[in-house]
Amino acid sequence: MQEERIIPALYLIPVPLDEIGECDVDRVLPPYNKSIIIQIKHFIVENIRTARRFLRSVDKSIDIDSLTFYELNEHTEKKLIASFLKPLSEGTAVGVISEAGCPAIADPGADAVYLAHIKGFKIVPLVGPSSILMAVMASGFNGQSFAFNGYLPVKQSERTAKIHSLENRAYKEAQTQVFIEAPYRNIKMFEALLSSCRKETLLCVASGITCQNEYIQTHTIAQWKELPAPDINKVPAIFLLYRG
């Protein structure tokens, strides 16, 4: 494979949706990504430990200890982000790595991307797995009009109200409604959907996409109630609602 020469840019690097070590990186990431990654020496990451594991899985020849990592997550002070981009002003590429899937999608990396735009740096998104788009593809729902709603409220009354709002929007606008939940609360979310939605409403549950435990099923709420609950506890999952 011919090495692609990198430029001083902020490279957005997707990672597998499965646990590193449990996945085949070559299955979900194109060779072009590897040619870029092995040349980057500065990385903005959500978690340093998992980022290091990912880079080792990309190419064992990468000298991890020679790399510089900047941790960007919910605990990071916004004023520090500018310093993470300093290598760009010095003509050196910087990579952004999420915990899973595409960086800056339901991910704090978006803050770094926005600041890079403000400062006039080039942004280069790389190809890789997106659980949101793959779930829409596999759901059988409207792929021309869909909305990603992120996390729904945790409080039961607020969550129920939000579910009703999304369901109504699916019917009125023929728009697929997509959302996620913290993996350890997946079962509660699933139960809330069954108890809150109309029996004819369509629900797709997609978890472990591209992984060995991949699970994607679409049924009406009435049908879901007759089936065993999906094994999605503590597994990253996407929920999609559409009109029945």
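Per chain, the residues get numbers from 1 upward, laid out in the order the sequence is written. Given that the model is predicted, a residue must reach a pLDDT of at least 70 before its local features are reported, and side-chain atom pairs must reach 80 or more before they are shown or counted; all residues, however, enter totals for whole chains, interfaces and linings. As a rule here, side-chain values cover all heavy atoms of the structure and leave hydrogens and water aside.

## Description of the pairing of strand β3 (residues 68–71)
Item 1. A strand pair is defined by DSSP finding two or more bridges across the two strands. The helix count covers DSSP runs of H or I at least four residues long, the strand count covers runs of E at least two residues long, and both are numbered beginning at the N terminus. In the sheet, strand β2 (residues 42–45) pairs with β3 via 4 bridges, with the strands oriented parallel. Counterpart to H42 in the pairing with β3 is T68.
Item 2. In this region the chain leaves β2, passes through helix α3 (residues 48–58) and returns to the parallel neighbour β3; the handedness of that crossover is right-handed. Handedness of a crossover is defined as follows: with both strands directed away from the viewer, a clockwise route from the first strand across the helix to the second makes it right-handed.

## A look at the environment of I209
Item 1. As for its position among the elements, I209 is in the loop between β8 (202–207) and β9 (215–220).
Item 2. For I209, a relative accessible area of 5% corresponds to the buried category.
Item 3. C-alpha of I209 to C-alpha of N186: the two residues are 23 residues apart in sequence and 15 Å apart in space.
Item 4. The residues contacting I209, other than those within four sequence positions of it, are L17, S131, M134, A135, E214 and I216. The rule is simple: take the accessible area with a 1.4 Å probe, protein chains only, and divide by the maximum for that residue type; under 20% is buried, over 50% is exposed, in between is partly exposed. By definition in these notes, contact holds between two residues if any of their heavy atoms fall within 4.5 Å.

## Remarks on a nonpolar patch on the surface
Item 1. Two joining distances apply to patches: 9 Å for like charges and 5 Å for nonpolar side chains (Val, Leu, Ile, Met, Phe, Trp, Tyr), and every residue must have over 30% relative accessible area and no salt bridge. Here the Shrake-Rupley method, with its probe set to 1.4 Å, supplies the accessible areas, and only the displayed protein chains count as covering residues. One side-chain nitrogen of Lys or Arg within 4 Å of one carboxyl oxygen of Asp or Glu is enough to make a salt bridge. Together, L133, M137 and F146 make up a nonpolar patch on the protein surface, roughly 320 Å² of accessible area in all.
Item 2. Note on placement: L133 falls in helix α7 (residues 131–139).
Item 3. Given the relative accessible area of 45%, L133 is considered partly exposed.

## Some points on the packing of aromatic side chains
Item 1. Centre distance within 6.5 Å is the pairing criterion for rings of Phe, Tyr and Trp, where only the six-membered ring of Trp is used; planes under 30 degrees apart are then read as stacked, over 60 as edge-to-face, and the remainder as tilted. What the rule picks out here adds up to 5 aromatic pairs.
Item 2. A ring pair is formed by F43 and F69, whose centres lie 6.0 Å apart and whose planes are at 25 degrees; its orientation type is stacked. Of the two residues, F43 sits in strand β2 while F69 sits in strand β3, which places them 26 residues apart along the sequence.
Item 3. Using a relative accessible area of 0% as the deciding quantity, one classes F43 as buried.
Item 4. Seen from their ring centres, F179 and F239 are 5.9 Å apart, and the 15 degrees between their planes marks the pair as stacked.

## A few points about the sheet that holds β8
Item 1. Sheet architecture is open: 5 strands sit in the order β6-β7-β10-β8-β9, paired in mixed fashion. Every interior strand has two partners, whereas the edge strands, β6 (146–151) and β9, have only one. Neighbour-to-neighbour, the strand axes of this sheet turn through a mean angle of 15 degrees, independent of strand direction.
Item 2. Axis lines are fitted to C-alpha atoms, over the contacting stretch for helices. Their N-to-C directions set the angle, which ranges from 0 to 180 degrees. Against the sheet, helix α9 (residues 186–196) touches β7 (176–180), β8 and β10 (237–242), its axis set at about 10 degrees to β10.

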